[in-house]
Amino acid sequence: MTTRVTPDSYYGPSFGALLEQDPQVAELLVSELDRQRAGIQLIASENQTSPAVLAALGSTLSNKYAEGYPDARYYGGCSEVDKVEKLAIERAKELFGADHANVQAHSGASANQAVYGAFASPGDTILAMSLDHGGHLTHGFKVSFSGKWFDAVHYGVAADTEHIDYDQVEALAKEHRPKIILAGGSAIPRLIDFARFRAIADEVGAIFWVDAAHFIGLVAGQAIPSPVPHADVVSFTTHKVLRGPRGGAIVCREEHAKKIDRAVFPMMQGGPLMHGVAAKAVNFAECMTPDYQDYAQRVLTNASALAGALDERGIRPVTGGTDTHLSLHDLRGVGVTGVDAEARCDAAGIVLNKNAIPFDPEKPNVASGIRVGSPSVTTQGMGPEQMSVVADLIHRAVTETDGSPDHPVARQIREAAGELLTAYPAYPEPTAG
Ligand SMILES: *Cc1c(COP(=O)(O)O)cnc(C)c1O
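- In the annotation of an unreviewed UniProt entry, the chain is listed under the name Serine hydroxymethyltransferase and assigned to Serinicoccus chungangensis.
- The annotation that UniProt attaches to the chain under Subunit (unreviewed entry) is "Homodimer."
- Recorded in UniProt under Subcellular location (unreviewed entry), the annotation for the chain is "Cytoplasm".

### Some details on the UniProt feature "site: Plays an important role in substrate specificity" (unreviewed entry) in the chain
So, point 1. The sites that carry the UniProt feature "site: Plays an important role in substrate specificity" (unreviewed entry) are, in the present numbering, His239.
So, point 2. Within the secondary structure, histidine 239 is located in the loop between β9 (233-237) and β10 (248-252).
So, point 3. Residue classification places histidine 239 among the buried residues on the basis of a relative accessible area of 11%.
So, point 4. Among residues more than four places away in sequence, those in contact with histidine 239 are Ser45, Asn47, Gly244, Pro245, Arg246 and Gly247.
So, point 5. Within the local environment of histidine 239, its side chain forms a polar contact with the side chain of arginine 246, the two groups lying 3.3 Å apart.

### Points about the packing of aromatic side chains
For any pair of aromatic rings, geometry is given as the distance between the ring centres together with the angle between the planes.
So, point 1. The final tally for this structure, using the stated rule, is 14 aromatic pairs.
So, point 2. Centroid distance tyrosine 166 to phenylalanine 197: 5.6 Å. Interplanar angle 75 degrees. Geometry classified as edge-to-face. Of the two residues, tyrosine 166 sits in helix α7 (residues 166-176) while phenylalanine 197 sits in helix α8 (residues 194-204), which places them 31 residues apart along the sequence. We note that tyrosine 166, like phenylalanine 197, is buried.
So, point 3. These aromatic residues form a ring-pair network of at least three members: Tyr116, Phe145, Trp149, Phe150 and Trp209.
So, point 4. Over the aromatic face of tyrosine 295 sits the side chain of arginine 243, whose NZ or CZ is 4.1 Å from the ring centroid.

### With respect to the nonpolar core
So, point 1. Counting 64 residues, the largest nonpolar core has Phe96, Phe197 and Phe236 as its most contacted members.
So, point 2. In terms of domain composition, this core takes at least three residues from each of domain 1 (60-287) and domain 2 (290-423).
So, point 3. In terms of nonpolar packing, the next biggest core, distinct from the first, is built from 30 residues, Leu42, Val390, Ala391 and Ile394 among them.

### Section: the site of the ligand
So, point 1. Around the ligand lies a shell of 13 residues, among which Gly108, Ala109, Ser186, Asp211 and Lys240 are the nearest.
So, point 2. Contact distances for the ligand include 2.9 Å between an oxygen atom and a side-chain N or O atom of serine 186.
So, point 3. Taking aspartate 211, its side chain carries an N or O atom lying 2.6 Å from a nitrogen atom of the ligand.
So, point 4. Surface burial for the ligand is 85%, taken as the share of its 380 Å² of free accessible area covered by protein chains.
So, point 5. Assessed atom by atom at 2 Å from the grid points, the ligand resides in the second largest pocket.
So, point 6. If you tally residues by element for the shell around the ligand, the top one is helix α5 (residues 108-119), at three residues.

Criteria and thresholds
Residues numbered from 1 in each chain as written. Predicted model: local features only at pLDDT ≥ 70, side-chain atom pairs only at ≥ 80, totals over all residues. Heavy atoms only, no water. UniProt positions renumbered as here; feature names shortened; annotations may be inferred. Helix = DSSP H or I, 4+ residues; strand = E, 2+ residues; numbered from the N terminus. Buried < 20%, exposed > 50% of the residue type's maximum accessible area, 1.4 Å probe, protein only. Contact = heavy atoms within 4.5 Å. Polar contact = N/O pair within 3.5 Å; in protein donor to acceptor, adjacent residues only side chain to side chain. Phe/Tyr/Trp six-rings, centres within 6.5 Å; stacked < 30°, edge-to-face > 60°. Lys NZ or Arg CZ within 6 Å of the ring centre and 35° of its normal. Core = buried A, V, L, I, M, F, W, Y, C linked by side-chain atoms within 4.5 Å. Domains from an automatic or database assignment. Near = heavy atom within 4 Å. Areas by Shrake-Rupley, 256 points an atom, 1.4 Å probe, with all protein chains shown as cover. 1 Å grid on protein atoms, 1.4 Å probe; cavity = no way out; pocket = protein on both sides within 12 Å on 5 of 7 lines; lining within 4 Å. Sits in = over half its atoms within 2 Å of the grid points.

Put into structure tokens, the structure is as follows:
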């Protein structure tokens with residue numbers, strides 16, 4: 001053993017062995033943990049998963065081939081992983097009140113690929129939210145498989161309200177008769193009217209699919225209404241607000257269960273990542289606790305506090321606010337582009353991303369907006385008072401600095417951020433005893 005002390009317990013007892021065998025990689029694990037601890041993390045799609053989830057991810061389940069499903073595998077030796085996957089499936093069904101769950105998708109994009117595989121063939125028409133109004137690459141964007149293999153028609157938000165234009169959804173559905181109508185996206189700050197989507201899908205005989213990747217954690221925590229009673233199928237990621245391991249999952253109505261399972265395996269994937277499946281099981285159980293439900297409520301409170309505090313400082317939230325864990329902000333009021341705001345915040349110790357706003361006059365790699373989310377800072381225990389401090393730091397970084405880490409105001413902001421992070425650390429050092 002080297003004499004270097006593991007900086008914390010988050011990488012488990014095998015970390016010492018890794019440090020000895022491969023210090024290059026081990027040091028990077030430590031420096032990434034340091035990075036996660038050092039900034040104010042406002043990326044809406046990220047979170048800080050629990051040590052229990054990290055332990056499952058770092059387990060020998062990674063060694064096991066388990067192509068197939070519990071009690072119907074293409075490999076021997078699956079007795080234990082069968083139990084793990086059954087637990088994950090049962091917990092997902094209970095958590096979401098779903099008929100059926102598939103927990104094998106490697107990621108959100110893989111889950112989405114499987115949903116397409118289950119319900120559509122190349123050349124079919126799908127109707128989804130456009131990327132530049134808040135959708136996702138996998139919703140028929142032209143550089144994605146979904147845009148290459150399907151005929152994607154896109155709806156957006158109304159220019160006056162910036163809310164989803166349901167009349168447009170209905171008109172496009174009637175005109176194009178899509179196989180699938182897809183709701184959900186990566187930059188939608190408001191609740192989605194699932195009942196309205198369901199009615200439109202029924203009117204044209206389409207499958208109604210909700211990609212709940214972003215907000216499923218709020219559903220799990222019973223903080224917002226669930227799409228599950230309305231949709232034929234709901235796909236999601238397990239690593240965003242939900243706070244589990246990086247991965248994907250699908251829940252659906254019983255009538256679609258076989259189709260979904262066959263589409264995940266063998267149509268789209270080979271062997272499942274059983275360490276990830278175990279970590280999903282751990283996460284689903286965490287999500288059924290009062291602690292997690294309280295967390296989900298605080299995520300909402302913090303997101304609206306942050307959106308409101310930025311609004312007071314002239315950084316307008318698209319739609320005027322948020323009902324979820326994220327808000328999208330129009331920077332034109334302060335005369336800064338998204339790309340500059342992201343760089344200035346980064347140099348000041350605040351991690352967020354530039355984002356196109358609806359009807360954005362700038363190119364996507366410049367953008368007129370930023371997206372901020374409360375999942376990580378809420379995990380760290382921050383509340384609305386801290387959100388007001390964070391909004392002030394963002395405003396100062398965006399309007400008073402130039403993107404250089406040496407700018408005196410950037411230094412001041414990093415110092416203030418450091419104070420906040422000392423009081424509300426990510427992955428706090430376990431207290432002795
Ligand atoms: C994050 C996200 C995905 C993709 O998830 P990955 O795990 O990155 O593949 C899909 N759909 C939506 C709406 C997302 O927000």
